[in-house]
Amino acid sequence: AQSVTQPDIHITVSEGASLELRCNYSYGATPYLFWYVQSPGQGLQLLLKYFSGDTLVQGIKGFEAEFKRSQSSFNLRKPSVHWSDAAEYFCAVGTMDSNYQLIWGAGTKLIIKP
Amino acid sequence: GAVVSQHPSRVICKSGTSVKIECRSLDFQATTMFWYRQFPKQSLMLMATSNEGSKATYEQGVEKDKFLINHASLTLSTLTVTSAHPEDSSFYICSAPAGSSYNEQFFGPGTRLTVL
């Protein structure tokens, strides 16, 4: 069965430090991969997505993610975090044979230390 | 990009009443829409897939008679929480696939339901 794992429930990072949020998936073929961010009480905003092509994907707000097929991973990175990046981050996987449904990771809460 | 709206953004109701939440695709047609429920500090849980012109498909464990879904047009799906109880309090989010291959979903801003 398809699944998405975000192993870190929460991560604390100092402002200005680099960030990496982990995401691993289980699927037989190459899925569609997404990272979303959700601020408290808000809806979901798409940060970036991977469908095919270049495995390093650039997104909004200075985020990037790299698809590594051999590791079934799609980790999200940012070289220098800002206090406004504090939010919940969700990795999601979509597949052609799932009627466009998304399978969600449990989310990682990012806490920024001043 | 495609825009999805939800109304209302917040609703407070008394136990036993019914609440309707609307999900609209503003600049595209959506034959399919998804309804999610999100508990505090948790991920999204897919409740059902709304299909224009046909019955919704519910996920296992979701009560069809409790959460009525109507997809009356290509731009509107509604979720009605019937006889709401405090345990139905949650954040409800809808989404619709769009894009050139329908492989990306666009999300509404969510509706916060509080049942007293």
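Small disclaimer: the values here were computed from a predicted structure and weren't measured.

A. Quick peek at the overall build of chain A. A tally of helices and strands in chain A yields zero helices and 12 strands. Sequence-ordered secondary structure for chain A, helices as α and strands as β, is β-β-β-β-β-β-β-β-β-β-β-β. On the principal axes, the C-alpha backbone points of chain A span a range of 45 × 30 × 20 Å. Sorting the 114 residues of chain A into buried and exposed places 45% on the buried side. Residue pairs at least 24 apart in sequence account for 54% of intrachain contacts in chain A once pairs closer than 6 positions are excluded.

B. Region of interest: the pattern of salt bridges. Residues and elements named next belong to chain A. Tallied over the entire structure, the rule returns six salt bridges over all chains. Here arginine 22 ties to aspartate 8 by a salt bridge, and the two come within 3.0 Å at their closest N and O atoms. Here arginine 22 is found in the loop between β3 (19-21) and β4 (24-26), whereas its partner aspartate 8 is found in the loop between β1 (3-5) and β2 (10-14), with 14 residues between them in sequence. For arginine 22, a relative accessible area of 39% puts it in the partly exposed group. With a relative accessible area of 18%, aspartate 8 lands in the buried category. The residue glutamate 64 makes a salt bridge to arginine 77 at a minimum N-O spacing of 3.2 Å. In this pair, glutamate 64 is assigned in strand β8 (residues 64-68) and arginine 77 in strand β9 (residues 73-78), connecting sequence segments 13 residues apart.

The rules behind the values
- Residues numbered from 1 in each chain as written.
- Chains lettered and ligands numbered in written order.
- Predicted model: local features only at pLDDT ≥ 70, side-chain atom pairs only at ≥ 80, totals over all residues.
- Heavy atoms only, no water.
- Helix = DSSP H or I, 4+ residues; strand = E, 2+ residues; numbered from the N terminus.
- Buried < 20%, exposed > 50% of the residue type's maximum accessible area, 1.4 Å probe, protein only.
- Contact = heavy atoms within 4.5 Å.
- Salt bridge = Lys/Arg side-chain N within 4 Å of Asp/Glu carboxyl O.

Geometric values such as these leave the question of function open.
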